[in-house]
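# Commentary on secondary and tertiary structure
Chain by chain, the residues:
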Amino acid sequence: QQQVKQSPQSLIVQKGGISIINCAYENTAFDYFPWYQQFPGKGPALLIAIRPDVSEKKEGRFTISFNKSAKQFSLHIMDSQPGDSATYFCAASINTGFQKLVFGTGTRLLVSP
Amino acid sequence: DVKVTQSSRYLVKRTGEKVFLECVQDMDHENMFWYRQDPGLGLRLIYFSYDVKMKEKGDIPEGYSVSREKKERFSLILESASTNQTSMYLCASNPPPGTSSYNEQFFGPGTRLTVL
């Protein structure tokens, strides 16, 4: 049972464009929503995260938009660069001592030069 | 910087073999995790551990076991490897509550296991 649904599976964006990846969750007890970025041959690394008490969080060119009522959140990459080409995973967790994350299925982003 | 290392980047084993995947973290983290990553399925949690000798099943524990004899080391064991366990295996750890990066999981580079 997929508790966090992610789309699209793959995405091609021109350099300078906006990349948008969407996720939807089912469990209303989730209270932490991170995005992880994974380059080929590397493990995922935390990119940006949000809690449900805010609707948006921005860090540089990366923004998370959060819609609590719709149970959806999305990652926006502004001015996408070839160096952003990677696989992106959304995730969600309930804030317990274990930080047990439920991951989406991933989006492979390719930013063309 | 937190460093999570995994014993092998690539591993090829035969069906029925017992396989050990080792993970070591150098930041005194209490929580450690094993995931498998498959295309189209994302990362799925196999087991996690919140202390030495403590373990909890994740979402897909069947066919796997784990061992945590020391705080820094978390091992994943495939008792009798099967072809459907061919996958990328990722280890992660995260710091205890009260630290600034408490919510962050730090991943190793992964072990790509092929079972023939």
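Conventions used here
- Residues numbered from 1 in each chain as written.
- Chains lettered and ligands numbered in written order.
- Predicted model: local features only at pLDDT ≥ 70, side-chain atom pairs only at ≥ 80, totals over all residues.
- Heavy atoms only, no water.
- Helix = DSSP H or I, 4+ residues; strand = E, 2+ residues; numbered from the N terminus.
- Rg over C-alpha atoms; globule rule 2.2 N^0.38 Å.
- Buried < 20%, exposed > 50% of the residue type's maximum accessible area, 1.4 Å probe, protein only.
- Pairing = 2+ DSSP bridges.
- Axes fitted to C-alpha atoms, helices over the stretch in contact; angles between N-to-C directions.
- Contact = heavy atoms within 4.5 Å.
- Buried area = accessible area lost by both parts, 1.4 Å probe.
- Salt bridge = Lys/Arg side-chain N within 4 Å of Asp/Glu carboxyl O.
- Polar contact = N/O pair within 3.5 Å; in protein donor to acceptor, adjacent residues only side chain to side chain.

In this section: the overall build of chain A. For chain A, the count of helices and strands is zero helices and eleven strands. Going from N to C terminus, chain A has its helices and strands arranged as β-β-β-β-β-β-β-β-β-β-β. For 113 residues, the compact-globule estimate of 2.2 N^0.38 gives 13 Å, and chain A sits close to it at 13 Å. In terms of overall dimensions, chain A has a C-alpha envelope of 40 × 30 × 25 Å along the principal axes.

A word on the overall build of chain B. Scanning chain B for helices and strands turns up zero helices and eleven strands. Taken from N to C terminus, the helices and strands of chain B fall in the order β-β-β-β-β-β-β-β-β-β-β. Here the C-alpha radius of gyration of chain B, 14 Å, is about what a compact globule of 116 residues would show, namely 13 Å. Overall, chain B is about 45 × 30 × 25 Å in size when its C-alpha atoms are taken along their principal axes. Taken over 116 residues, chain B has a buried fraction of 50%.

Residues and elements named next belong to chain B. Here we have four strands laid out as an open sheet, ordered β1-β3-β8-β7, and antiparallel in their pairing. Either end of the sheet is taken by a strand with one partner, and the two such strands are β1 (4-6) and β7 (64-70). For this sheet, the mean inter-axis angle between neighbouring strands, taken without regard to orientation, is 20°. Sheet topology note: the β1/strand β3 (residues 19-25) ladder contains three bridges and is antiparallel. Across the sheet, the residue bridging to Gln 6 is Cys 23, located in β3.

With that settled, consider the interface of chain B and chain A. At the interface, 22 residues of chain B touch 21 residues of chain A. Here chain B and chain A share an interface that buries about 1800 Å² over both sides, 54% of which is from carbon and sulfur atoms. Together, Leu 43, Asn 103 and Phe 107 of chain B form the three largest contributors to the area buried by chain B at its contact with chain A, with a combined 28%. Linking chain B with chain A are zero salt bridges, by the criterion used here. Here chain B and chain A share four residue pairs in polar contact (both at pLDDT 80 or more) between them. Elements with a contribution of two residues or more to the side of chain B that touches chain A: β4 (31-38), β5 (42-51) and β9 (87-94) of chain B. When residues in the side of chain B that touches chain A are grouped by element, the largest group, five residues, is from β5 of chain B.

Residue and element names in this part refer to chain A. Strand order in this open sheet of five strands is β1-β3-β8-β7-β6, and the pairing throughout is antiparallel. The outermost strands of the open sheet, each flanked by one partner alone, are β1 (4-7) and β6 (56-59). The sheet shows a mean angle of 15° between the axes of neighbouring strands, taken without regard to direction. Bridge analysis of strand β3 (residues 19-25) against strand β8 (residues 72-77) gives six bridges, and the strand direction is antiparallel. From the neighbouring strand, Cys 23 faces β8, where its bridge partner is Phe 73.

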